[in-house]
Amino acid sequence: NGGPNLISSFHVIGEVFDRAYPLASITSPPMTDVQTITVPPGGAAVTDFKVDVPGRFVLVDHALSRMERGLKGLLVVEGAEVPELYRPHQEADPNAHAGH
């Protein structure tokens, strides 16, 4: 996070970090199973995660208004589909009830 004033809340949409190292301290014990990691101005973080299915994963700052100004990245993962984990482009059931 180049700063100089704003904190970043780094997140990969659709993934959870297996290990996260705040302040990029790879000699310290990592946090585990973290969704978002805070990166201070002028600071850094290291994350480690395994992607289980192919796809396009969006790297964002969770201050999502910054994404509208171009602050995002894409992680493109290729490989065999894993339908027992996830079925992309599945037809929606018109009789199903959606919710959070």
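Summarised in this report is the structure supplied together with it. (Residues numbered from 1 in each chain as written. Predicted model: local features only at pLDDT ≥ 70, side-chain atom pairs only at ≥ 80, totals over all residues. Heavy atoms only, no water.)

**Side note on the pairing of strand β4 (residues 36-39)**
Using the following cut-off: Remark: exposure states derive from per-residue accessible area (1.4 Å probe, protein chains only) relative to the maximum for the residue type, with buried under 20%, exposed over 50%, and partly exposed in between. In this text, helices come from DSSP runs of H or I with a minimum length of four residues, and strands from runs of E with a minimum of two, each type numbered from the N-terminal end. We treat two strands as partners when DSSP finds at least two bridges between them.
Of the two faces of β4, only one is covered, namely that formed by Ile 37 and Val 39; the face formed by Thr 36 and Thr 38 stays uncovered. Where strand β1 (residues 8-12) meets β4, four bridges bridge the pair, whose relative direction is antiparallel. By the bridge assignment for β4, Ser 8 is matched with Val 39.

**Points about the sheet that holds strand β3 (residues 31-34)**
Remark on secondary structure: sheet strands pair via backbone hydrogen bonds, oriented parallel or antiparallel. To keep things clear, this is the line we draw: Fitted lines through C-alpha atoms serve as axes, helices being fitted only where they are in contact, and the angles separating the N-to-C directions of these axes extend from 0 to 180 degrees.
Pairing within the open sheet is antiparallel, and its three strands lie in the order β3-β2-β5. On the outer flanks of this sheet lie β3 and β5 (45-48), each paired with one strand and no other. With direction set aside, neighbouring strand axes in the sheet form an average angle of 30 degrees. Bridge count for strand β2 (residues 17-22) against β3 is three bridges, and the pairing is antiparallel.

**Focus on the nonpolar core**
Test applied: Side-chain atoms within 4.5 Å are what join buried Ala, Val, Leu, Ile, Met, Phe, Trp, Tyr and Cys residues into a set we call a nonpolar core. Any pair of residues with heavy atoms lying within 4.5 Å of one another is described as a contacting pair.
Of all hydrophobic cores here, the largest spans eight residues; its members are Val 12, Phe 17, Ala 20, Val 34, Ile 37, Val 53, Phe 57 and Val 82. Ignoring sequence-local partners within four residues, the contact set of Val 34 consists of Val 16, Phe 17 and Ala 20.

**Side note on the environment of Met 31**
By the secondary structure assignment, Met 31 is in strand β3. With 10 residues separating them in the primary sequence, Met 31 and Tyr 21 have C-alpha atoms 6.4 Å apart. Setting aside residues no more than four positions away along its own chain, Met 31 makes contact with Asp 18, Arg 19, Ala 20, Pro 22 and Ile 37.

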